[in-house]
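Below, each chain spelled out in residue letters.
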Amino acid sequence: MKAVGYQNSLPITKSNSLIDIELPQPVATGRDILVKVEAISVNPVDTKVRMRAKAEDGDYKVLGWDASGTVEAVGDEVEFFEPGQRVWYAGALDRPGTNAEYHLVDERIVGAMPERTSFPAAAAMPLTTITAWEMLFDRLSLNTNSTGTLLVIGGAGGVGSMLIQLAKQLTKLTVIATASREATIDWVHSLGADHVINHRESMPAQLKALGIESVDHIASTTHSDMHLPAIIEIIAPQGSLCLIDDPESFDITPFKVKSVSIHWELMFTRSLFKTKDMIKQRDLLNKVATMVDEGKLETTIAETFGSINADNLKRAHALLESGKSMGKIVLAGFEEA
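Since we're looking at a predicted model, the values are computed, not measured. (Residues numbered from 1 in each chain as written. Predicted model: local features only at pLDDT ≥ 70, side-chain atom pairs only at ≥ 80, totals over all residues. Heavy atoms only, no water.)

S.K.: I tried to follow the overall build of the chain on my own but got confused; where do I start?
M.R.: Helix and strand counts for the chain stand at ten helices and 16 strands. Taking 20 Å as the expected radius of gyration for a compact globule of 337 residues, we find that the chain reaches 20 Å, a close match to that expectation. Based on the C-alpha atoms only, the size of the chain along its principal axes is roughly 60 × 45 × 35 Å. The proportion of buried residues among the 337 residues of the chain is 53%. Accessible surface for the chain amounts to roughly 14,700 Å². Of this, 49% is attributable to carbon and sulfur atoms. Taking the 32 positively charged and 44 negatively charged side chains of the chain as two groups, their mean positions are separated by 4 Å. (Helix = DSSP H or I, 4+ residues; strand = E, 2+ residues; numbered from the N terminus. Rg over C-alpha atoms; globule rule 2.2 N^0.38 Å. Buried < 20%, exposed > 50% of the residue type's maximum accessible area, 1.4 Å probe, protein only. Areas by Shrake-Rupley, 256 points an atom, 1.4 Å probe, with all protein chains shown as cover. Lys, Arg positive; Asp, Glu negative; His and termini not counted. Charge placed at Lys NZ, Arg CZ, Asp CG, Glu CD.)

S.K.: What am I meant to see in helix α9 (residues 280–293) here?
M.R.: The α-helix winds at 3.6 residues per turn, so residues separated by three or four positions along the chain end up facing the same way. Taking 1.5 Å per residue, 14 residues should reach 20 Å; α9 reaches 20 Å between its end C-alpha atoms and fits that length. Among the residues of α9, those classed as buried are Gln 281, Arg 282, Leu 284, Leu 285, Val 288, Ala 289, Met 291, Val 292 and Asp 293. Next to the buried residues of α9 lie β6 (86–89), β8 (110–112), α3 (126–139), α4 (158–170) and α8 (269–272). Count one or two residues on from α9 and you reach Gly 295, which has phi positive near 80 degrees. (Expected span 1.5 Å × (residues − 1). Contact = heavy atoms within 4.5 Å.)

S.K.: How do you make sense of the sheet that holds strand β11 (residues 195–197) when you look at a structure like this?
M.R.: Sheets are built from strands paired through backbone hydrogen bonds, the pairs being either parallel or antiparallel. Strand order in the open sheet formed by six strands is β11-β10-β9-β12-β13-β14, and the pairing between neighbours is parallel. One side of each edge strand has no neighbouring strand; the edge strands of this open sheet are β11 and β14 (261–264). Going across the sheet, the axis of each strand differs from the next one's by a mean of 20 degrees, ignoring polarity. Looking at chain direction, strand β10 (residues 174–178) and β11 are connected through three bridges and run parallel. Bridge pairing in β11 places Thr 178 opposite Ile 197. (Pairing = 2+ DSSP bridges. Axes fitted to C-alpha atoms, helices over the stretch in contact; angles between N-to-C directions.)

S.K.: Help me understand the sheet that holds strand β1 (residues 2–6), please; the structure alone is not making it clear to me.
M.R.: Strand order in this open sheet of three strands is β2-β1-β4, and the pairing throughout is antiparallel. Either end of the sheet is taken by a strand with one partner, and the two such strands are β2 (19–22) and β4 (61–62). When β1 meets β4, the two strands line up antiparallel, connected through two bridges. Its bridge partner lying in β4, Tyr 6 is registered against Lys 61.

S.K.: Even after reading the chapter, I still don't get the packing of aromatic side chains, so can you show me in this structure?
M.R.: Aromatic ring pairs: the centre-centre distance and the angle between the two ring planes describe each pair. Taken as a whole, this structure holds three aromatic pairs when the rule is applied. Arranged with centres 5.1 Å apart and planes meeting at 65 degrees, the rings of Trp 133 and Phe 137 form a pair that is edge-to-face. One end of the pair is Trp 133 and the other is Phe 137, both in helix α3 and four residues apart, which spans about a single turn. The same class applies to Trp 133 and to Phe 137, which are both buried. Geometrically, the ring pair formed by Phe 250 and Phe 255 is stacked, given 6.4 Å between the ring centres and 20 degrees between the ring planes. The class for Phe 255 is buried, based on a relative accessible area of 2%. Arg 282 extends its terminal NZ or CZ atom over the ring of Phe 80, reaching a point 3.8 Å from the ring centre. (Phe/Tyr/Trp six-rings, centres within 6.5 Å; stacked < 30°, edge-to-face > 60°. Lys NZ or Arg CZ within 6 Å of the ring centre and 35° of its normal.)

Now the structure itself:
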């Protein structure tokens, strides 16, 4: 089968940072389903893993987590799927990725794809949706009756785009998002943000101009260490903070005086440790699929980079590493030989 992989961690500008390869087609056993991959999207985690983890000697490492496709075969313990079904999912950190024609994935982290959505539109959503859902409802413990204010730092990114939509649809929160360019400001407004402020300027001052002295909950998706002084100032006493990025340092001591609760979110935790509630990711993807079909949630696809191959994936990685991406980058289909 066709795939895109690499052997050594290299800057994306190097010709062999990602290469087109041929690999044996995997076989479904146990609770795994074999998916014929139709579309994928690229996430910051792809670029981070590429630079941190090289392949075993003589082998290739295949990246990619978001995928939509069709079930090709199922393992002997599979309960929920059969060949021919359309599915979407975000994969597992400790298994080969979705940048391949066929991919194995545990059925417990797979959902039935929205019926009224294309493969590319669906591929844009799983990883960021799961991350945003877990941030809001598992880490920050919000619910449909939650009121107050939520600040989303990095509102135009993939996760931020889903945080805004889910919070507006499933809570009573006032949602404030950050964005710094005209295009990204328009993007977060279109997703339903009640207010937009610029994270490159004083966030406390901008909030005060809106009549908001402090915010109850903060979801920080990027540059959390850089924004730490502002976060400390604007978070409400007994507020809550959830972050997903990888700050070089993050001193939580200043939050003590306000009794702030601090949470980390990694959507791969459940699959990585095979937690007892691992199947919650399947359940939430199914709920989200229904919301998409009902028109309550929109895909966050922003750019389509063509078919799935090394050159197009390198372009996607480069854009993500530039810090100027918006929404999600999607690739669809493998070219015939």
